[in-house]
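# Commentary on secondary and tertiary structure
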Amino acid sequence: MKILFFSDSHGSTEALGNLTLRIAAEKPDLIVMLGDALYHGPRNALPGMYDAKKAAEMLNIYKKKIIAVRGNCDSEVDQMMLEYPIMSDYSTVWADGQRFFLTHGHIWNGGNVPPVTDGTILAHGHTHIPVLEQKNGLIIFNPGSIAIPKQENLPTYGIWDNGILSVRTLKDGSIYREMQLSFR
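Along each chain, residues carry numbers from 1 onward, in the same order as the chain's sequence is written. Whole-chain, interface and lining totals are the exception, using all residues; otherwise, since this is a predicted model, local features are given only for residues with pLDDT of at least 70 and side-chain atom pairs are given and counted only at 80 or more. Note that water and hydrogens are dropped before the side-chain values are worked out from all heavy atoms of the structure.

## Here we look at the pattern of salt bridges
Quick reminder of the rule: The salt bridge definition used is simple: a Lys or Arg side-chain nitrogen within 4 Å of an Asp or Glu carboxyl oxygen. Strands are runs of DSSP state E lasting at least two residues, helices are runs of H or I lasting at least four, and both sets are numbered from the N terminus onward. Burial classification: accessible surface area is computed with a 1.4 Å probe over protein chains only, and a residue below 20% of its type maximum counts as buried, one above 50% as exposed, and the rest as partly exposed.
This structure, assessed with the given rule, holds 5 salt bridges. Taking the shortest distance from any N to any O, the salt bridge between K2 and E26 comes out at 2.9 Å. Separated by 24 residues along the polypeptide, K2 in strand β1 (residues 2-6) and E26 in helix α1 (residues 13-26) bring together distant segments of the chain. E26 shares its class with K2; the two are buried. Among the salt bridges present, the one from K63 reaches E83, with a minimum N-O distance of 2.8 Å. Of the two residues, K63 is situated in the loop between α2 (52-60) and β3 (66-68) and E83 in the loop between α3 (76-81) and β4 (90-95); the sequence distance between them amounts to 20 residues. A single salt-bridge network, built from bridges that share partners, covers K2, R22, E26 and R168.

## Digging into the sheet that holds β4
Short version of the rule: One bridge is not enough; two strands pair if DSSP finds at least two bridges between them. Interaxial angle, 0 to 180 degrees, is taken between N-to-C directions of lines fitted to C-alpha atoms, where a helix line uses only the stretch in contact.
Pairing within the open sheet is mixed, and its 5 strands lie in the order β4-β5-β6-β8-β7. The open sheet terminates on both sides in strands that have one partner only, identified here as β4 and β7 (131-135). Taken pair by pair, the neighbouring strands of this sheet meet at an average axis angle of 20 degrees, ignoring direction. Alignment of strand β5 (residues 98-103) against strand β6 (residues 121-123), held across 3 bridges, turns out to be parallel. Note on β6: the bridge partner recorded for F100 is I121.

## Digging into empty space enclosed by the protein
Summary: where empty space remains is shown by rolling a probe the size of a single water molecule over the atoms. Using the following cut-off: Both site types are read off a 1 Å grid over the protein atoms alone. A 1.4 Å probe that fits but cannot get out defines a cavity, while an open set with protein on both sides within 12 Å along at least five of seven lines defines a pocket; lining residues have an atom within 4 Å of a point. Grid points are joined across faces, edges and corners, and a volume is the space filled by probe spheres set on the points.
Taken as a whole and judged by the stated rule, the model has 1 cavity of 30 Å³ or more. By volume, the largest cavity is sized at about 50 Å³. Taken together, F6, L16, L19, T20, I23, I31, M58, L59, Y62 and I66 make up the lining of the largest cavity. At the level of secondary structure, the elements contributing two or more residues to the lining of the largest cavity comprise α1 and α2. By residue number, the principal contributor to the lining of the largest cavity is α1, which donates 4 residues.

## A word on a nonpolar patch on the surface
Worth spelling out the cut-off: Two distance rules govern patches: like charges are joined within 9 Å, and nonpolar side chains (Val, Leu, Ile, Met, Phe, Trp, Tyr) within 5 Å, applied only to residues with over 30% relative accessible area and no salt bridge. The protein chains shown are the only cover counted for residues, whose accessible areas, like all others here, come from Shrake-Rupley with a 1.4 Å probe.
A cluster of nonpolar residues, Y39, L46 and Y50, forms a patch on the protein surface that exposes about 290 Å² of accessible area. Looking at where Y39 falls in the secondary structure, it is placed in the loop between β2 (30-33) and α2. Here Y39 falls in the partly exposed class, since its relative accessible area comes to 35%.

## Concerning α2
Let me state the cut-off plainly: The contact criterion used is simple: two residues touch if any of their non-hydrogen atoms lie within 4.5 Å.
Within the span of α2, buried status applies to A55, A56, M58, L59 and N60. Where α2 is buried, its residues meet β1, α1, β3 and α3.

## Observations concerning the layout of surface pockets
Formally: Polar here means any residue other than Ala, Val, Leu, Ile, Met, Phe, Trp, Tyr, Cys and Pro, which are nonpolar, and Asp, Glu, Lys and Arg, which are charged; Gly is therefore polar.
If you add up the space inside the largest pocket, you get close to 160 Å³. Lining the largest pocket we find 13 residues, and of these N18, I146, P155, L170 and K171 sit closest to its centre. Ranked by residue count, the leading element in the lining of the largest pocket is α1, at 3 residues. For the lining of the largest pocket, a count of residues per class yields 6 nonpolar, 4 polar and 3 charged.

## A look at the nonpolar core
Our working definition: The set of buried Ala, Val, Leu, Ile, Met, Phe, Trp, Tyr and Cys residues whose side-chain atoms join them within 4.5 Å is what this entry labels a nonpolar core.
If you look at the biggest cluster of nonpolar residues, it comprises 26 residues, and the most contacted ones within it are F6 and L59. Counting only elements with at least two residues in this core, the list comes to β1, α1, β2, α2, β3 and β9 (156-161). With near-sequence residues (within four places) excluded, F6 lies in contact with L16, L19, I31, V32, M33, L34, L59, P143, I146 and Y157. Membership of the second largest hydrophobic core comes to 19 residues, among which are L30, V69, L102 and V167.

Structure representation (structure tokens):
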């Protein structure tokens, strides 16, 4: 199974346009949105080509493939614009025998781990910083932000492809900082 992960688009149609190109190239079976879809939030500058209404239209194209969780900038108003559920604080996905605990990261993250079994992949966004590491029996995975990367990172997304998890650059899909682990 192939899953594309992304987070923190914050209403950027520029970033979502680039993501659309990556979706076309990657051809994922499933798309996981780890929160902060439409609103930029008071702590962030406006992202490139900010248009929450257009961003919702762009995301709704994938409504049959998206599993999403609520970010700290997502609200009931955002849910009114999106044609797939976004208001859950967490979700779980199984792929190729691997459990993914999906959350935004403002509640559960590598520093505040949810009650999950060893070997689980804790997938979250929120920090806008890509992470892929093994820690205390878990795999901590943050695909970074497609719209407002922080700490001089590039815009990134993540891919699970038949047992291989990686963080990739949004521009061309190349492996970012070679953060890749095999779970076979």
